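Report on the structure
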Amino acid sequence: MRILSVLAILLLSTPTLAEETRVVVRARARDGKFVGTSMGGAQVVLRDAETGQLLARGVTSGTTGDTQRLMKQPYSRGTQLADEKSAKFEATLVLDEPRLVTVEVSGPEAQRQARITSSTQVWVIPGKHLTGDGIILELPGFVVDVLEPRAHEFIRLEGKPRNVPIRANLVLMCGCPTEPGGLWDSSKYELRAVVKRDGKPVTLVPLSYAGKTSAYEGQLSVQEKGAYEILVTAYDPNTGNTGVDRTTFIVE
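Residues numbered from 1 in each chain as written. Predicted model: local features only at pLDDT ≥ 70, side-chain atom pairs only at ≥ 80, totals over all residues. Heavy atoms only, no water.

Within the secondary structure, A27 is located in strand β1 (residues 19-29). Considering only alpha carbons, one finds A27 and E104, 77 residues apart in sequence, at a separation of 9.6 Å. Once residues lying within four places of it in the same chain are set aside, the contact partners of A27 are K33, F34, V35, A42, T60, V105, L137 and L139. (Helix = DSSP H or I, 4+ residues; strand = E, 2+ residues; numbered from the N terminus. Contact = heavy atoms within 4.5 Å.)

A word on the state of the cysteines. Evaluation of the coordinates by the stated rule reveals 1 disulfide. There is a disulfide in this structure between C174 and C176, and the S-S distance comes to 2.4 Å. Classification of the bridge connecting C174 and C176 rests on its S-S torsion, roughly -130°, and on that basis the disulfide is left-handed. What makes C176 buried here is its relative accessible area of 4%. (Disulfide = S-S within 2.5 Å. Buried < 20%, exposed > 50% of the residue type's maximum accessible area, 1.4 Å probe, protein only.)

Turning to the environment of K33, a few remarks are in order. Mapped onto the secondary structure, K33 falls in the loop between β1 and β2 (43-48). On the basis of relative accessible area, K33 is assigned to the buried category, the value being 7%. Residues K33 and R156 lie 123 residues apart in sequence; the distance between their C-alpha atoms is 44 Å. Those residues in contact with K33 that sit more than four places away from it in its chain are A27, R28, T64, G65, D66, T67, L70, M71, C174, C176 and W184. A polar contact is formed between the side chain of K33 and the side chain of T64, at a distance of 3.2 Å. Within the local environment of K33, its side chain forms a polar contact with the backbone oxygen of G65, the two atoms lying 3.3 Å apart. (Polar contact = N/O pair within 3.5 Å; in protein donor to acceptor, adjacent residues only side chain to side chain.)

A separate point is the side chain of R28. By the secondary structure assignment, R28 is in strand β1. This buried residue, R28, is left without a salt bridge; E138 holds the nearest opposite charge, at 7.0 Å. One polar contact links the side chain of R28 to the main-chain carbonyl oxygen of L70, over a distance of 3.2 Å. Dropping the residues within four chain positions of it, R28 is found in contact with K33, F34, L70, M71, Y75, L81, I136, L137, E138 and L139. (Lys, Arg positive; Asp, Glu negative; His and termini not counted. Salt bridge = Lys/Arg side-chain N within 4 Å of Asp/Glu carboxyl O.)

Below, the discussion takes up the environment of L220. Mapped onto the elements of the fold, L220 is located in strand β14 (residues 215-222). When the C-alpha atoms of L220 and L204 are compared, they prove to be 8.9 Å apart, with 16 residues separating the residues in sequence. Leave out the neighbours within four places in its chain, and L220 touches R162, N163, V164, I166, V195, T203, V205 and F249.

As a further point, take the sheet that holds strand β11 (residues 190-197). One open sheet holds the 5 strands; their spatial order is β9-β16-β15-β11-β12, and the pairing between them is mixed. A single partner strand is all that each edge strand has here, and the edge strands are β9 (153-155) and β12 (200-206). The average angle at which neighbouring strand axes cross in this sheet is 30°, direction not considered. Two elements, strand β15 (residues 226-235) and strand β16 (residues 242-251), share 10 bridges in a ladder whose sense is antiparallel. When the sheet's bridge partners are listed, L231 is paired in β16 with R246. (Pairing = 2+ DSSP bridges. Axes fitted to C-alpha atoms, helices over the stretch in contact; angles between N-to-C directions.)

Among the 11 residues that make up β1, 8 are buried, leaving the element largely enclosed by the rest of the structure. Alignment of β1 against strand β4 (residues 89-95), held across 7 bridges, turns out to be antiparallel. Bridging across to β4, R22 finds its partner in T92. Across 6 bridges, the pairing between β1 and strand β7 (residues 130-139) is parallel. Looking at the pairing, V25 lines up with I135 of β7.

Let us look at the nonpolar core. Residues L46, V232 and F249 are the most contacted members of the largest nonpolar core, which totals 53 residues. In terms of residue count, the dominant contributor to this core is strand β10 (residues 162-172) (6 residues). Counting residues in each nonpolar core, the second largest holds 5 residues, with F34, L81, A82 and A87 among its members. (Core = buried A, V, L, I, M, F, W, Y, C linked by side-chain atoms within 4.5 Å.)

Attention now goes to the packing of aromatic side chains. The tally for this structure, following the rule as stated, stands at 3 aromatic pairs. Ring geometry for Y228 against F249: centres 5.0 Å apart, planes inclined by 10°, an arrangement best described as stacked. With Y228 in strand β15 and F249 in strand β16, the pair connects residues that are 21 residues apart, well separated along the chain. Its relative accessible area of 7% is what places Y228 among the buried residues. Note on F249: relative accessible area 0%, which makes it buried. Stacked on the ring of F34, the Lys or Arg R26 has its end atom at 5.8 Å from the ring centre. (Phe/Tyr/Trp six-rings, centres within 6.5 Å; stacked < 30°, edge-to-face > 60°. Lys NZ or Arg CZ within 6 Å of the ring centre and 35° of its normal.)

Structure follows, in structure tokens:
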């Protein structure tokens, strides 16, 4: 009995091998900055790649980062891109052995129509923190937000053709603004509205800068009744960024 008691004490006193390991995850817009609080952040999920076990979940928060550092200054290998305020999600995992972790980010949370998911995998070793810049995942694309016509708006012809304004807002996934000649130069982008009536394509309407940052507009001449759908698309041939939003309206 005494030997069993001693063995039990030894087993209970054996130190655990589990260690806390901090992991920082950031989402960065392609050709842009970090996705942070101003865009509702990006959803982050960490799972064990072999078992599917959920290890951590959260949303990035913080600023979009230093424009000078991220977009203007050349940087060499090893240069840290994030500053203390740059948006991130930080998790503390308690691990007793290395784990292959699947890291997934989806965002931006405040603009669900533009939401994109990106993922990668990384070995996380107990006690070996992945901090600093941490794991940066890229979210390609634009956030396109159709402002007019309003969803399911009713428009009356009243015996004559009507000009229907098409207006949209266009920013990067980080919320970075666009305008001709700006840092994000929309003069290089292709913006247009594909118009359908009763499910059939009828015309294309190019959108041009509306004189206000990130705002673009065009005019659609409507002469027939029906259910209309407008699909606004944006494309940057230099970066491959794309974005889409849609709305519908009724002509009586």
